[in-house]
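Secondary and tertiary structure notes
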Amino acid sequence: MDPMILQQIEKMGIAEKRELLERLKALIAKKMAGSALAGTPKRCPRCKSLSFYCKGHDACGLKRWKCCS
């Protein structure tokens, strides 16, 4: 990582670091949502059941799944 970026982060207060962390998490989640993981799976991601449905999105925009099994 760029040493200049690290120096800037070291100068930040704890609140600023937390905000930076939350923004980075959101960016990563958004990137993942745009990947193949964002599509509709053919089976429940946890138990592989065929009986499941999309139950909205989480705070980061990723799809949430509800299994009927």
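Please read all numbers here as calculations on a predicted model, not as lab measurements.

**Some remarks on the environment of cysteine 67**
- Looking at where cysteine 67 falls in the secondary structure, it is placed in strand β2 (residues 63-67).
- By relative accessible area, which is 24% here, cysteine 67 ends up partly exposed.
- Separated by 19 residues in the primary sequence, cysteine 67 and lysine 48 have C-alpha atoms spaced 9.3 Å apart.
- What cysteine 67 contacts, discounting residues up to four positions off in sequence, is Cys44, Cys47, Ser49, Ser51 and Phe52.

**Examining the side chain of serine 49**
- Turning to its location among the elements, serine 49 is positioned in the loop between α2 (14-33) and β1 (52-57).
- A residue is classified by how much of its surface remains accessible, and serine 49, at 13% relative accessible area, is buried.
- Polar side-chain contacts of serine 49 include one of 2.6 Å to the side chain of serine 69.
- Residues within four places of serine 49 in sequence aside, it is in contact with Arg43, Cys44, Cys67 and Ser69.

Reading the values: rules and limits
Residues numbered from 1 in each chain as written. Predicted model: local features only at pLDDT ≥ 70, side-chain atom pairs only at ≥ 80, totals over all residues. Heavy atoms only, no water. Helix = DSSP H or I, 4+ residues; strand = E, 2+ residues; numbered from the N terminus. Buried < 20%, exposed > 50% of the residue type's maximum accessible area, 1.4 Å probe, protein only. Contact = heavy atoms within 4.5 Å. Polar contact = N/O pair within 3.5 Å; in protein donor to acceptor, adjacent residues only side chain to side chain.

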